[in-house]
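The primary structure of each chain is shown beneath.
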Amino acid sequence: MTPPNEFDRALANLPAVADNGFSAAVSARIALRQEFQRNMLLLAVAAAAGMVLFFMPLDELNAAVGRIAADLSNSPPVAIALGMLVLCGLYLRTAEAE
């Protein structure tokens, strides 16, 4: 198997090919498509949250949030998972600083 840096060296010796802006246009279309997909996902989440808030009475919503919060606060697996997320975040932050 050929190492990737060997491919880079082989390609570096080739002359540049004029593509008349094709690569830039494709990159721009990909960026626009990714932004559109991200916006659609955010819109779907906001619409779902809006529907829940619109159709669910606030008293029931408050009671449900209270029950879920109490259940999660007494759950060792959730505490372990959140602790691991915090530790991973701290590790990534220190690794970035170095």
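Here the structure is a predicted model, which is why all the values come from computation and not from measurement.

### A look at the environment of A69
With respect to the element layout, A69 can be found in helix α3 (residues 58–73). According to the relative accessible area criterion, A69 is partly exposed, its value standing at 42%. Spatially, the C-alpha atoms of A69 and A10 are 58 Å apart, while their sequence positions differ by 59 residues.

### A few points about the confidence of the model for the protein
Overall, the prediction assigns the protein a mean pLDDT of 87, with 98% of residues at 70 or greater. Highest mean pLDDT in the protein belongs to helix α2 (residues 22–55) (93); lowest belongs to helix α1 (residues 4–12) (79).

### Focus on a nonpolar patch on the surface
Judged by side-chain polarity, I80, M84, V86, L87 and L90 come together as a nonpolar surface patch covering roughly 500 Å² of accessible area. Tracing the backbone through its elements, the reader meets L90 in helix α4 (residues 76–97). What makes L90 partly exposed here is its relative accessible area of 46%.

### Looking at the packing of aromatic side chains
A complete count under the given rule lists one aromatic pair for this structure. A ring pair is formed by F54 and F55, whose centres lie 4.9 Å apart and whose planes are at 85°; its orientation type is edge-to-face. Residue class for F54 comes out exposed when judged on its relative accessible area of 65%. When its relative accessible area of 59% is taken as the criterion, F55 is described as exposed.

Conventions we followed
Residues numbered from 1 in each chain as written. Predicted model: local features only at pLDDT ≥ 70, side-chain atom pairs only at ≥ 80, totals over all residues. Heavy atoms only, no water. Helix = DSSP H or I, 4+ residues; strand = E, 2+ residues; numbered from the N terminus. Buried < 20%, exposed > 50% of the residue type's maximum accessible area, 1.4 Å probe, protein only. pLDDT = per-residue confidence, 0-100. Patch = residues over 30% accessible without salt bridge, like charges linked within 9 Å, V, L, I, M, F, W, Y side chains within 5 Å. Areas by Shrake-Rupley, 256 points an atom, 1.4 Å probe, with all protein chains shown as cover. Salt bridge = Lys/Arg side-chain N within 4 Å of Asp/Glu carboxyl O. Phe/Tyr/Trp six-rings, centres within 6.5 Å; stacked < 30°, edge-to-face > 60°.

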